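Take a look at the letters that make up each chain.
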Amino acid sequence: MLKLIQTYLDHRGPFPARIRARHKQFWQDPQAETVRNTLMDAEDGIDKWKDVVNWQRKLSNKYNSREFAGKHGCKVAALIWKGRNIDTIDFKKLPENYVIRPTIGHSANLVFLMKRDYNLFDKKTYTTAQIKEILKTAIESNDKLEFLIEEFLKNEQGQNEILKDYKVYSFNGKIACIWVINRLSPKSGNGSFYDENWNLLKVVNKIYPNGELEQPPRCLKEIVKQAKTLSKAYEIFVRIDFYATDKGCVFGEFTPTPGMGTCTTQYGQKLLISHWDKYCTGKI
């Protein structure tokens with residue numbers, strides 16, 4: 001009973017309601033998956049990117065999001081391989097450390113953050129055959145799914161480890177807050193919230209325990225600049241994720257319905273709704 005009550009409390013409020021409404025409009029459309037998986041190229045004209053209603057769904061495909069970010073001058077991780085035919089991956093030619101992630105998905109499902117044969121995300125060791133079997137099984141269940149193999153980005157100190165997430169809540173070129181997550185695994189870690197000038201904010205979302213005061217990344221100005229550029233191009237509310245690396249700010253992904261709005265605090269709801277109403281008036 002207590003769990004049901006807590007779930008109800010985590011889902012109520014204007015921000016989760018708007019996120020649920022968007023999710024319904026985005027993904028209950030019969031053409032939703034066709035839109036999401038229409039592969040795009042950075043060289044495509046912006047009119048081609050925006051040629052359907054709710055075109056932002058194209059950017060929920062992680063390959064498309066890379067292309068869109070690159071089109072707007074943002075750094076992205078180097079792409080080593082892309083496709084569905086897992087047997088064409090030559091694992092012997094991959095670098096010692098690499099990342100595998102699906103083009104469709106959320107919550108870091110089917111993500112392999114490989115340091116040699118060890119996945120830093122789930123703390124398990126994998127053989128090449130085991131990775132292939134997992135990827136093939138996923139592809140067999142979804143005829144639109146592809147996988148990306150990308151470089152393993154290094155942190156600002158040049159080390160290969162799980163990178164901090166810099167999640168920027170953005171509204172048509174304006175930033176409400178930056179959520180820094182020290183991730184231990186896909187679903188564990190701690191976080192803290194800042195404005196674009198790195199002033200500490202109250203807790204906006206309590207899905208992760210509150211962490212200690214963070215020092216700003218060296219590339220903070222670049223994160224802010226890229227977030228504003230991509231957010232303006234995206235046109236509506238979106239959370240944009242970045243990494244601070246030894247190469248500077250690197251784009252991660254767009255999240256249009258982050259966590260379905262759950263676990264947003266009263267302070268967070270007031271902050272996010274005020275930005276939505278001011279900078280994305282009348283927009284989904």
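What this report covers is the structure whose coordinates are included nearby.

Rules and cut-offs
- Residues numbered from 1 in each chain as written.
- Predicted model: local features only at pLDDT ≥ 70, side-chain atom pairs only at ≥ 80, totals over all residues.
- Heavy atoms only, no water.
- Helix = DSSP H or I, 4+ residues; strand = E, 2+ residues; numbered from the N terminus.
- Rg over C-alpha atoms; globule rule 2.2 N^0.38 Å.
- Buried < 20%, exposed > 50% of the residue type's maximum accessible area, 1.4 Å probe, protein only.
- Contact = heavy atoms within 4.5 Å.
- Lys, Arg positive; Asp, Glu negative; His and termini not counted.
- Charge placed at Lys NZ, Arg CZ, Asp CG, Glu CD.
- Pairing = 2+ DSSP bridges.
- Axes fitted to C-alpha atoms, helices over the stretch in contact; angles between N-to-C directions.
- Phe/Tyr/Trp six-rings, centres within 6.5 Å; stacked < 30°, edge-to-face > 60°.
- Salt bridge = Lys/Arg side-chain N within 4 Å of Asp/Glu carboxyl O.
- Polar contact = N/O pair within 3.5 Å; in protein donor to acceptor, adjacent residues only side chain to side chain.
- Core = buried A, V, L, I, M, F, W, Y, C linked by side-chain atoms within 4.5 Å.

### Thoughts on the overall build of the protein
Now for step 1: From N to C terminus, the protein includes 8 helices and 11 strands.
Now for step 2: Against the globule reference of 19 Å for 284 residues, the protein gives a C-alpha radius of gyration of 19 Å, in line with a compact fold.
Now for step 3: On the principal axes, the C-alpha backbone points of the protein span a range of 50 × 45 × 45 Å.
Now for step 4: Counting over 284 residues, the protein shows a buried share of 51%.
Now for step 5: Across the protein, contacts joining residues at least 24 apart in sequence account for 62% of those joining residues at least 6 apart.
Now for step 6: Within the protein, one finds 45 positive and 33 negative side-chain charges whose respective centroids are separated by 5 Å.

### Things to note about the sheet that holds strand E8 (residues 174-185)
Strand pairing in a sheet takes place through backbone hydrogen bonds and is either antiparallel or parallel in direction.
Now for step 1: Strand order in this open sheet of 5 strands is E9-E8-E7-E10-E11, and the pairing throughout is antiparallel. This sheet does not close on itself; its edge strands, each paired only once, are strand E9 (188-194) and strand E11 (248-255). The mean angle between the axes of side-by-side strands here comes to 25°, regardless of whether they run parallel or antiparallel.
Now for step 2: Across 7 bridges, the pairing between E8 and E9 is antiparallel. Within E9, the residue paired with serine 185 across the bridge is serine 188.
Now for step 3: Here helix H7 (residues 220-234) sits on the sheet in contact with strand E7 (165-171), E8, strand E10 (237-245) and E11, set at roughly 150° to E10.

### Concerning the packing of aromatic side chains
Now for step 1: For the coordinates displayed, the defined rule picks out 21 aromatic pairs.
Now for step 2: Ring centres of phenylalanine 15 and tryptophan 276 lie 6.2 Å apart, and the angle between their planes is 75°; this geometry places the pair in the edge-to-face category. Of this pair, phenylalanine 15 sits in helix H2 (residues 14-27) while tryptophan 276 sits in helix H8 (residues 266-279), placing them 261 residues apart in sequence.
Now for step 3: Residue class for tryptophan 276 comes out buried when judged on its relative accessible area of 2%.
Now for step 4: Taking 5.8 Å as the distance between ring centres and 45° as the angle between the ring planes, the aromatic pair formed by tryptophan 55 and phenylalanine 68 counts as tilted. Of this pair, tryptophan 55 sits in the loop between helix H4 (46-49) and helix H5 (62-71) while phenylalanine 68 sits in helix H5, and the two are 13 residues apart along the sequence. Just as tryptophan 55 is buried, phenylalanine 68 falls in that class too.
Now for step 5: Among the aromatic residues, those joined into a ring-pair cluster are Phe15, Tyr169, Phe171, Trp179, Phe193, Tyr208, Phe237 and Trp276.

### Notes on unusual backbone geometry
Now for step 1: For arginine 116, which is not glycine, the phi dihedral falls at a positive 60°.
Now for step 2: Along the chain, the position of arginine 116 falls in the loop between strand E3 (112-115) and strand E4 (118-119).
Now for step 3: One non-glycine residue with positive phi stands out, namely asparagine 172, at about 50°.
Now for step 4: According to the relative accessible area criterion, asparagine 172 is buried, its value standing at 17%.

### What about the pattern of salt bridges?
Pairing is possible between side chains of opposite charge, provided their charged atoms come close.
Now for step 1: Applying the stated criterion across every chain yields a total of 21 salt bridges.
Now for step 2: Arginine 18 serves as the salt-bridge partner of aspartate 277, at 2.8 Å between the closest nitrogen and oxygen. Of the two residues, aspartate 277 sits in helix H8 while arginine 18 sits in helix H2, which places them 259 residues apart along the sequence.
Now for step 3: Within this structure, Asp165, Lys167, Arg183, Arg239 and Asp241 form a network of salt bridges that share partners.

### Details of H5
Now for step 1: Buried residues dominate H5, accounting for 8 of its 10 residues.
Now for step 2: All buried positions along H5 are accounted for by Lys62, Tyr63, Asn64, Ser65, Arg66, Glu67, Phe68 and Ala69.
Now for step 3: Where H5 begins, one side-chain oxygen reaches toward the backbone nitrogen of tyrosine 63, 2.9 Å away; that side chain belongs to asparagine 61.
Now for step 4: Taken from the residues just after H5, glycine 73 is the one with a positive phi, measuring 85°.

### A short note on the nonpolar core
Now for step 1: The biggest cluster of nonpolar side chains holds 33 residues, and the ones touching the most others in it are Phe68, Tyr166, Ile178, Leu230, Phe242, Phe251 and Phe254.
Now for step 2: Every element with two or more residues in this core is listed here: H2, H5, E7, E8, H7, E10 and E11.
Now for step 3: With 7 residues, H7 is the single largest residue contributor to this core.
Now for step 4: If sequence neighbours within four positions are ignored, phenylalanine 242 has contacts with Lys164, Asp165, Tyr166, Val168, Ile223, Gln226, Ala227, Leu230, Cys249, Val250, Phe251 and Gly252.
Now for step 5: Grouped together as the second largest cluster of nonpolar side chains are 18 residues, Leu94, Ile104, Met114 and Ile139 included.

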